[in-house]
Amino acid sequence: MSTEKDRPEQDRQEIDVDPAVTPTQIKVAGAVTTVEGLLGVAVAVILVIRALAGHEETAISGYGTAIWFGIIGGGVLVGGVALLAGRRWGRSIAMVAQILLLPVAYYLYTSGWPVFSVPLALAAIAGLVMLFSPAAVRWLASDVGPDH
């Protein structure tokens, strides 16, 4: 059985990562994800206000769409806040959200809304880059207790 002294220097450096210190990349990804979640919740609130004001859609339910945006946006918000707090489980939520927002950005772009699609795509790509950065992967792989 090998000891820590027998391992190459690079392996020892990766083991020496302090799991209590959340990398900046994770905090940036958490901030991006939190903003995305807040926007989703804001859309839900706007849809409820519109429905209460009497606006009716023929193809969709304003309340049903608001519930969907509230659940999805709320989940993304929780994942972003978890990353900001240094919780590893938030990374999965953030990663799935960024991956799913890329086709949404493409749809917006092809629908003639580049003013929304380009910032959304850039935010999703930036979030993915931060989530898969070397520091973030080392942080994720470091040995921690059961509360993370």
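Residues numbered from 1 in each chain as written. Predicted model: local features only at pLDDT ≥ 70, side-chain atom pairs only at ≥ 80, totals over all residues. Heavy atoms only, no water.

Draft legend 1. Main features of the overall build of the protein. Looking only at helices and strands, one finds six helices and zero strands in the protein. Secondary structure elements in the protein, listed N-terminal to C-terminal, are α-α-α-α-α-α. Burial status across the protein gives 28% buried among its 148 residues. At a minimum sequence separation of 6, the contacts of the protein that also span at least 24 residues come to 68%. When the accessible surface of the protein is totalled, it reaches about 9300 Å², and 69% of it is carbon and sulfur. (Helix = DSSP H or I, 4+ residues; strand = E, 2+ residues; numbered from the N terminus. Buried < 20%, exposed > 50% of the residue type's maximum accessible area, 1.4 Å probe, protein only. Contact = heavy atoms within 4.5 Å. Areas by Shrake-Rupley, 256 points an atom, 1.4 Å probe, with all protein chains shown as cover.)

Draft legend 2. Broad picture of the UniProt feature "transmembrane region" (unreviewed entry) in the protein. On the UniProt side, "transmembrane region" (unreviewed entry) is annotated at positions that read residues 28–53, 65–85, 92–109 and 115–141 here. The span residues 28–53 is 96% helical and 0% strand by assignment, and the distance between its end C-alpha atoms comes to 37 Å. Between the C-alpha atoms that bound residues 65–85 there is a distance of 30 Å. The span itself is 95% helix and 0% strand. (UniProt positions renumbered as here; feature names shortened; annotations may be inferred.)

Draft legend 3. Inspection of the packing of helix α4 (residues 90–110) against helix α5 (residues 114–131) at higher detail. In contact at an axis separation of 8 Å, α4 and α5 are set at 155 degrees when each is read in the N-to-C sense. Put simply, α4 runs roughly antiparallel to α5. With respect to the hand of their crossing, α4 and α5 are arranged in left-handed fashion. On α5, the residues touching R91, A94, M95, Q98, I99, L101, L102, V104, A105, L108 and Y109 of α4 are P114, F116, S117, L120, A121, A123, A124, I125, G127, L128 and L131. (Axes fitted to C-alpha atoms, helices over the stretch in contact; angles between N-to-C directions. Parallel < 35°, antiparallel > 145°, perpendicular 65-115°, else oblique. Left-handed = near helix turned anticlockwise from the far one by under 90°.)

Draft legend 4. Highlighting the packing of aromatic side chains. Scanning the entire structure with this criterion turns up two aromatic pairs. For the ring pair W68 and F69, a centre distance of 5.2 Å and an interplane angle of 85 degrees mean the geometry is edge-to-face. Given a relative accessible area of 51%, W68 falls into the exposed group. The exposure class assigned to F69 is partly exposed, which follows from its relative accessible area of 27%. Judged by centre distance (5.6 Å) and plane angle (35 degrees), the rings of W113 and F116 are tilted. By relative accessible area, which is 45% here, W113 ends up partly exposed. Stacked on the ring of W139, the Lys or Arg R88 has its end atom at 4.5 Å from the ring centre. In this structure, R91 is placed above the aromatic ring of F132, and the distance from its NZ or CZ to the ring centre is 4.9 Å. (Phe/Tyr/Trp six-rings, centres within 6.5 Å; stacked < 30°, edge-to-face > 60°. Lys NZ or Arg CZ within 6 Å of the ring centre and 35° of its normal.)

Draft legend 5. Focus on helix α2 (residues 24–52). Taking 1.5 Å of rise per residue, the 29 residues of α2 would be expected to cover 42 Å, and the 42 Å separating its terminal C-alpha atoms lies within 8% of that figure. Restricting attention to buried positions, one finds in α2 the residues I26, A29, G30, T33, T34, E36, G37, G40, A44, L47 and A51. Packed against the buried residues of α2 are α3 (62–84), α4, α5 and α6 (134–141). Positive backbone phi, approximately 100 degrees, marks G54, located one or two places after α2. (Expected span 1.5 Å × (residues − 1).)

Draft legend 6. Seen up close, the nonpolar core. Within the largest apolar cluster, nine residues are counted, these being I26, A29, L83, A94, M95, L128, L131, A136 and W139. Breaking this core down by element, the ones donating at least two residues are α2, α4, α5 and α6. (Core = buried A, V, L, I, M, F, W, Y, C linked by side-chain atoms within 4.5 Å.)

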